[in-house]
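# Working through the structure, step by step
Below, each chain spelled out in residue letters.
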Amino acid sequence: MMMGRTPRPDDIHASMAPDHLTERDYAQLAEIVERHAGIKMPVGKRLMVEGRLRRRARALGLPSLNAYCHYLFGQGGLDDEFQQVVDAITTNKTDFFREPIHFERLVDTIIPDLLDSTGAGRSRPLDVWSAACSSGPEPYTLAMVLSDVAAERPGFRFSIGASDISHDILQAAARAVYPEQMIEPVPQDMRRRYLLRSRDQERPTVRICPELRQQVTFRDFNLLTKGSPWQRPMDVIFCRNVLIYFSPETQQAVLANLCDSLRSGGYLLVGHSESLNNLDLPVTPVGPAMYRRK
Ligand SMILES: C[S@@+](CC[C@H](N)C(=O)[O-])C[C@H]1O[C@@H](n2cnc3c(N)ncnc32)[C@H](O)[C@@H]1O
């Protein structure tokens, strides 16, 4: 979209100013980030944003935030840099089996219902999308749970799509290597089946086994984009713990678009702290942070 340029000496010159974002720069950055990524940057986040952008400025060899903004808002700066800003300011906290009731409901309610009502999983694969997947624990939890279902129900087929706006985080998701303490919520029998342990005693890590990694397709996708990164409509969409960063208007637009990508009778799951109460969407509540497409 936008043309880029590399930092110039006059950017460095601007570094004599104190190392904080000015109110004007912060407001301009917040406006751009919300317009392109939907993410709100209230003034309370300023220190966090400054810390993250300082690291980015250092990586570019720029000595201050002032110099960084000079570069960023200069002609073409955003072309090269917008993705890096997104990578720097997104919050990627995630866990395996986060809000575990959703994975329980998937197995005991959603799959049996969709098998009966639409044949999803039997006559065609059950299509599941982890939208805003962060570094991968959510789609890999889905892969473990659905692989267990497939082991118990011969012929059961599924496909998992996972997407996020952050390129850094998608690379981490594809690598699928996690510090060992992160797998605490994964049941022991699943660890044996689906996780590989590193031999490094000092920094023990686990990697998702190749069979599971192959079951997840990752895509770079901004939820503000109309449509979907997938060829087929979905049976189940997990869109959890990302709506909290959006305004009600953005939530409405993002969720209406996701509903367009959901088959009639399909399920939408959001984070437990995210409410759809005041939104106008073609769904009915059917469980905790769980909705069914009309
Ligand atoms: C807190 S994580 C949630 C991860 C996971 N869904 C979970 O519940 O554990 C939020 C993720 O949303 C992503 N995100 C933020 N804005 C986005 C947008 N406009 N489009 C797609 N992903 C976005 C961030 O990059 C981040 O990885």
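Residues numbered from 1 in each chain as written. Predicted model: local features only at pLDDT ≥ 70, side-chain atom pairs only at ≥ 80, totals over all residues.

## Some points on helix 6 (residues 101–118)
Where we set the bar: Bend angle per residue: angle between axes fitted to the 7 residues ending at that residue and the 7 residues starting there. Each helix is a run of H or I in the DSSP string that is no shorter than four residues. Each strand is a run of E no shorter than two, and both are numbered from the N terminus. Here exposure depends only on C-beta density: within 10 Å of a residue's C-beta, 20 or more other C-beta atoms make it buried, 12 or fewer make it exposed, and intermediate numbers make it partly exposed, the C-beta atoms being placed from the backbone. Remark: residues whose backbone-derived C-beta atoms lie within 7 Å of one another are considered to be in contact.
Along its length, helix 6 reaches its greatest deviation from straightness, about 40°, at Val107. Taken together, the buried positions of helix 6 are His102, Phe103, Leu106, Ile110, Ile111 and Leu114. At its buried positions, helix 6 is contacted by strand 1 (126–131), helix 7 (137–152), strand 7 (234–239), strand 8 (262–270) and strand 10 (290–293). Downstream of helix 6 by one or two residues, Gly119 has phi in the positive range, about 80°.

## Comments concerning helix 2 (residues 23–37)
Put simply, the rule reads: Expected helix span is computed as 1.5 Å times (number of residues minus one). Here the arc refers to the directions that run from the helix axis out to each C-beta atom.
Taking 1.5 Å of rise per residue, 15 residues should cover 21 Å, and helix 2 covers 21 Å from first to last C-alpha, within 8% of that figure. Those residues of helix 2 not exposed but buried are Leu29, Ala30, Val33 and Ala37. Along the axis of helix 2, the buried positions cluster into a sector of 100°, meaning they face one direction only. Summarising the geometry of helix 2, the exposed residues directed more than 90 degrees from the buried face are Glu23, Arg24, Glu31 and Arg35.

## Focus: the sheet that holds strand 5 (residues 205–208)
Counted only if it meets this: A pair of strands is treated as paired once DSSP finds two or more bridges between them. Fitting a line to C-alpha atoms yields each axis, with helices limited to the stretch in contact; the angle taken between N-to-C directions then spans 0 to 180 degrees.
Reading across from one edge, 3-5-4 is the order of the three strands in this open sheet, with antiparallel pairing throughout. Looking at the sheet topology across the chains shown, the edges are occupied by strand 3 (177–179) and strand 4 (195–197). The mean inter-strand angle of the sheet, taken between neighbouring strand axes irrespective of direction, is 35°. Bridge count between strand 3 and strand 5: three bridges; the pairing is antiparallel. Looking at the pairing, Pro179 lines up with Thr205 of strand 5.

## Quick word on unusual backbone geometry
We note that Ser134 has phi near 55°; this positive angle belongs to a residue other than glycine. Checked against the element boundaries, Ser134 lands in the loop between strand 1 and helix 7.

## Some thoughts on the pairing of strand 5
Two faces belong to every sheet, and in a regular strand the side chains alternate between them. Covered by surrounding structure in strand 5 are Val206 and Ile208 only, the residues Thr205 and Arg207 on the alternate face being uncovered. Where strand 4 and strand 5 come together, three bridges link them in antiparallel fashion. Each bridged residue has a counterpart across the sheet, and for Leu196 the counterpart in strand 5 is Arg207.

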